[in-house]
Amino acid sequence: MIDGDPGALYRRIQELEDKVEQLRISRRVLMRLVEKSENEKWEMINRLLQEKESLKVRNRRYARLLWEKNKELALLAGKLQGLPLPRP
C-alpha cells in the first residue's frame, strides 16, 4: 500500500468493502444451509418418534396375542394330561 496516495487508499477501501459484502452473502448462504439441515433433522426425529410409537403399539398387540396363545396351549396341555383346569 502506498502511504498518502488517495487513489490507492480508495481502491483498498473498495476491496475491503467488496470482501465484507462477499462475507455477508456467504454468511446468509451458510445460515440457510444450517436452517435447512436443522429442519431436516427435526423432520427425521419426528418421523422416527412416530415409527417408535407405532412399533410399541404393534409390539404390545403381539405380546398380548402370544400371551393368549400361551394360555390356550397351557389349557390344552392340561386337558391332554387330565389335569383339572384353572378357572379364569
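Draft legend 1. Representation of the overall build of the protein in the model. Each helix and strand in the protein was counted, giving one helix and zero strands. Looking at the protein residue by residue over its 88 residues, the buried ones come to 2%. Split by element, the accessible area of the protein, about 8,700 Å² in all, is 59% carbon and sulfur.

Draft legend 2. Representation of helix α1 (residues 6–81) in the model. For α1, which comprises 76 residues, the first-to-last C-alpha distance of 110 Å matches the rise-based estimate of 112 Å (1.5 Å per residue) to within 8%. Immediately beyond the C-terminal end of α1, within one or two residues, lies Gly82, with a positive phi of roughly 75 degrees.

Draft legend 3. Structural view of the pattern of salt bridges. Tallying each qualifying case throughout the model produces six salt bridges. The partner of Lys41 in a salt bridge is Glu38, with the nearest N and O atoms 3.4 Å apart. With Lys41 and Glu38 both in helix α1, this residue pair falls three residues apart, about one helical turn. Looking at Lys41, the relative accessible area reads 39%, which means it is partly exposed.

Draft legend 4. Examining a nonpolar patch on the surface more closely. Together, Ile25, Val29, Leu30 and Leu33 make up an exposed nonpolar region whose accessible area comes to about 360 Å². Secondary-structure assignment places Ile25 in helix α1. Given the relative accessible area of 41%, Ile25 is considered partly exposed.

Draft legend 5. Region of the structure containing a positive patch on the surface. There is a patch of like positive charges on the surface, built from Arg58, Arg60, Arg61 and Arg64. Considering the arrangement of structural elements, one finds Arg64 in helix α1. Under the relative-accessibility criterion, Arg64 is labelled exposed at 54%.

Cut-offs and rules
In this convention, every chain numbers its residues from 1, walking through the sequence in written order. The model is predicted, so local features are restricted to residues of pLDDT at least 70 and side-chain atom pairs to those at 80 or more, both for listing and for counting; the totals for chains, interfaces and linings are taken over all residues. With hydrogens and water excluded, all non-hydrogen atoms of the structure serve as input to the side-chain values. Starting at the N terminus, helices and strands are each numbered in turn, a helix being any DSSP run of H or I of at least four residues and a strand any DSSP run of E of at least two. Summary of the burial criterion: residues with accessible area below 20% of their type's maximum are buried, those above 50% are exposed, and those between are partly exposed, where the area comes from a 1.4 Å probe applied to protein chains only. For accessible areas, the Shrake-Rupley method is used with a probe of radius 1.4 Å. Any residue's cover is judged against the shown protein chains and nothing else. To estimate how far a helix should extend, the number of its residues minus one is multiplied by 1.5 Å. Throughout this description, the term salt bridge denotes a Lys or Arg side-chain nitrogen within 4 Å of a carboxyl oxygen of Asp or Glu. Nonpolar side chains (Val, Leu, Ile, Met, Phe, Trp, Tyr) are joined into patches within 5 Å and like charges within 9 Å, using only residues with over 30% relative accessible area and no salt bridge. Under this rule, positive means Lys or Arg and negative means Asp or Glu; His and the chain ends count for nothing. Taken as the charge location is NZ of Lys, CZ of Arg, CG of Asp or CD of Glu.

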